[in-house]
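# Overview (structure and organization)
If you want the building blocks of each chain, they are given just below.
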Amino acid sequence: MGWTPWDWKELSVAQQPEWPDLNQLELVEKELSTYAPLVYPTEIDQLRDSLALATKGQAFLLQAGDCAESFNDHSAQNVRDRLKVILQMAVVLMYSSGVSVIKVGRMAGQYAKPRSSPTEDYLGIDLPSFRGHIVHSDEPYVQKRTPDPKRLIRAYQQSLSTINILKSLTTGGFADLSQVHTWNQEFVASSSEGERYDAIATEITRALNFMEACGINLDKEIALRQVRFWTSHEALLLGYEAALTRMDPKSKKYYDLSAHMVWIGERTRDLGGAHVRFASGISNPIGLKVGPKMTTEELDDLCKVLNPDNIPGRLTLITRMGAQTLKVRLPELIEQVQHGGHKVLWACDPMHGNTFTSSQGLKTRRFDDILAEIKAFFEVHREIGTWPGGIHVELTGDDVTECLGGSLEVFESELDTQYNTICDPRLNARQSLDLAYQVAEMLF
Ligand code: PEP
Ligand code: CO
């Protein structure tokens, strides 16, 4: 009621950069508000309808991508490699479990990062914490960390370019199921996960050949030829989000046209804060991170504020607290949501409750801890009888060494060989596939 895209400005706004020149920021936001949308209301409504199916237990959400996308990774090749691993995971999950998978990238706009501490240590120097390429460079020099509003424009342009590449890949033949073999990158194909994937791909090809032999014209089956792929990011920089929020002339509803889905992070989910206020008025599907400190009352209130009409597919609760805490806290949170009659999708972020610093000083996560949190998530939901509706993971298509473990184990002493992330440690493509097999088994 009475909501406008900019009324959050009257509230306290957590996690915003200290812009040196607010007038310049305002000029940039004004310019952005004249730019074309990155996504469209009809697409957003379609994603909400798909997520509504998952809310009812009829589909599974795979939300995946970088912790922080980089302005340096703008090539078509880079986007294609990130897409490949997500498509591979989706194939493994669908083929092994028979459940339909909704593919949402942490892609085409995931440029802003919340930080727990305003400064970070680099070789004994105190630097302003890195807040994402939409704010400043990740280079470890104090001057390079000065927030620059012009980067909002660059983030928009790079999101647009990423969406264009994604669209042509997902509709132009690359994502055709007959290409399922080609999504296996070389360094993956040589591993046991890659060989297992190849076996599934061969089975799929045989099934397609069989259908064709039966006289089914597969060229006409759009579902086999194209993939629906959706974009998402954390709605953190509210000026950027508000500038891209427009009223749909047909429905008279507001949509944040920077991505199909946006989420509210653990550090910005205050009931009375600006981020919740902003998200409450847009019609997109919203994700809400649910960390270890979330109380049952808070969660109940947030569900009411973020989804007052109780629309299925509108709200996804993304738990992130580590396996041990999850086992204790998740039952009461689910029971509260059930008691309130809130129609939500439950998803598990097994990354952000499992980060620690290695002996060499690199932020990392153990594959086994990630798996354990997903297992606990499934167990609690199975016990209560609710649907463990999805996973939310940080990964890359590259052969990085950022997370420990996996079947081709990455050891602590090897972390620095390919430690390329500009923010949190990501699963590499082999570890991601490995995870998909194990989640598929839980789903089946
Ligand atoms: C994230 O998803 O990158 C993130 C910062 O998560 P959270 O808000 O849950 O810490
Ligand atoms: Co992260």
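One can find the structure itself at the top, above this paragraph.
Residues numbered from 1 in each chain as written. Chains lettered and ligands numbered in written order. Predicted model: local features only at pLDDT ≥ 70, side-chain atom pairs only at ≥ 80, totals over all residues. Heavy atoms only, no water.

## Considering the nonpolar core
- Counting 91 residues, the largest nonpolar core has Leu299, Leu317 and Trp346 as its most contacted members.
- Ranked by the residues each element gives to this core, the list is headed by helix α3 (residues 76-97), at 10 residues.
- Not counting residues within four places of it along the chain, the set of residues in contact with Leu299 comprises Leu288, Val290, Met294, Leu317, Leu333, Val337 and Trp346.
- If you look at the next biggest cluster of nonpolar residues, it comprises 26 residues, including Leu152, Ile153, Tyr156 and Leu237. (Core = buried A, V, L, I, M, F, W, Y, C linked by side-chain atoms within 4.5 Å. Buried < 20%, exposed > 50% of the residue type's maximum accessible area, 1.4 Å probe, protein only. Helix = DSSP H or I, 4+ residues; strand = E, 2+ residues; numbered from the N terminus. Contact = heavy atoms within 4.5 Å.)

## Focus on the site of ligand 1
- Lining the immediate surroundings of ligand 1 are Arg106, Lys113, Pro114, Trp263, Gly265, Glu266, Arg267, Lys289, Arg320, His352 and Glu394.
- Between ligand 1 and Arg106 there is a distance of 2.8 Å, counted from an oxygen atom to a side-chain nitrogen or oxygen.
- Each residue belonging to the shell around ligand 1 can be placed in one class, and the counts come to 2 nonpolar, 2 polar and 7 charged. (Near = heavy atom within 4 Å. Polar contact = N/O pair within 3.5 Å; in protein donor to acceptor, adjacent residues only side chain to side chain. Nonpolar A, V, L, I, M, F, W, Y, C, P; charged D, E, K, R; others polar.)

## Considering the layout of surface pockets
- One number sums up the size of the largest pocket: a volume of about 660 Å³.
- For the lining of the largest pocket, the element with the most residues is strand β3 (residues 119-122), which contributes 3 residues.
- Tallied by class, residues from the lining of the largest pocket come to 9 nonpolar, 3 polar and 7 charged.
- For the second largest pocket, the calculated volume is near 520 Å³.
- Along the wall of the second largest pocket there are 24 residues; nearest its centre are Met94, Val101, Lys103, Ala223 and Val227.
- Secondary structure elements with two or more residues in the lining of the second largest pocket: α2 (41-55), α3, β2 (101-106), α6 (192-213) and α7 (222-225).
- Top contributing element to the lining of the second largest pocket by residue count: α3, with 5 residues.
- Looking at the lining of the second largest pocket residue by residue, the class counts come to 19 nonpolar, 3 polar and 2 charged. (1 Å grid on protein atoms, 1.4 Å probe; cavity = no way out; pocket = protein on both sides within 12 Å on 5 of 7 lines; lining within 4 Å. Points joined across faces, edges and corners; volume = space filled by probe spheres on them.)

## So, the state of the cysteines
- Evaluation of the coordinates by the stated rule reveals 0 disulfides.
- With no disulfide of its own, Cys348 lies 14 Å from the sulfur of Cys403, the closest cysteine sulfur. (Disulfide = S-S within 2.5 Å.)

## Focus on the packing of helix α11 (residues 323-339) against helix α12 (residues 367-384)
- The interhelical angle for the contact between α11 and α12, taken along N-to-C directions, is 35°, at an axis separation of 9 Å. Taken as a pair, α11 and α12 cross one another with a handedness that is right-handed. Touching Ala323, Leu326, Lys327, Leu330, Pro331, Ile334, Glu335 and Gln338 of α11 are Ala372, Glu373, Ala376, Phe377, Val380, His381 and Ile384, all from α12.
- Class assignment for the residues of the contact of α11 with α12 results in 10 nonpolar, 2 polar and 3 charged. (Axes fitted to C-alpha atoms, helices over the stretch in contact; angles between N-to-C directions. Left-handed = near helix turned anticlockwise from the far one by under 90°.)

## Some thoughts on the pairing of β3
- When β3 meets strand β4 (residues 125-128), the two strands line up antiparallel, connected through 4 bridges. Within the sheet, the bridge partner assigned to Glu120 lies in β4 and is Leu127.
- Taking the residues that link successive antiparallel strands as the turn, the β3-β4 hairpin has 2 residues, and the phi of Leu123 there is positive, at about 45°. (Pairing = 2+ DSSP bridges.)

## Concerning the packing of aromatic side chains
- Scanning all chains against the criterion turns up 7 aromatic pairs.
- When the ring of Tyr35 is compared with that of Tyr156, the centres are 4.9 Å apart and the planes differ by 55°; the resulting orientation is tilted. Of the two residues, Tyr35 is situated in the loop between α1 (22-32) and α2 and Tyr156 in helix α4 (residues 150-171); the sequence distance between them amounts to 121 residues. Of the two residues examined, Tyr35 and Tyr156, each falls in the buried class.
- With a centroid separation of 6.4 Å and an interplanar angle of 40°, the aromatic rings of Phe60 and Phe378 are classed as tilted. Of this pair, Phe60 sits in strand β1 (residues 60-65) while Phe378 is found in helix α12, placing the two residues 318 residues apart along the sequence.
- By relative accessible area, Phe378 is classed as buried at 3%. (Phe/Tyr/Trp six-rings, centres within 6.5 Å; stacked < 30°, edge-to-face > 60°.)

## As for the coordination of the cobalt ion (ligand 2)
- At 2.1 to 2.5 Å from the cobalt ion (ligand 2) lie its protein donor atoms, namely Cys67 (SG), His352 (NE2), Glu394 (OE) and Asp424 (OD).
- Given 4 donor atoms and angles of 82 to 175° at the metal, the environment of the cobalt ion (ligand 2) is assigned as irregular.
- Within one chain, the residues serving as donors to the cobalt ion (ligand 2) are arranged as C-x284-H-x41-E-x29-D. Linking Cys67 in the loop between β1 and α3 with Glu394 in strand β14 (residues 388-394), this pair joins segments that are 327 residues apart in sequence. (Donors = N, O, S within 2.8 Å, 3.2 Å for Na, K, Ca; no water. Tetrahedral: all angles 85-135°; square planar, octahedral: opposite > 155°, others 65-115°.)

## Considerations on the pairing of strand β5 (residues 229-234)
- Taking burial as the measure, the 6 residues of β5 include 6 buried ones, the bulk of the element.
- Judged by which residues are buried, β5 turns out to be covered on both faces: Phe229, Thr231 and His233 on one side and Trp230, Ser232 and Glu234 on the other are all buried.
- Relative to strand β8 (residues 261-264), β5 runs parallel, the two being bridged by 3 bridges. Following the sheet pairing, Ser232 is matched in β8 by Met261.

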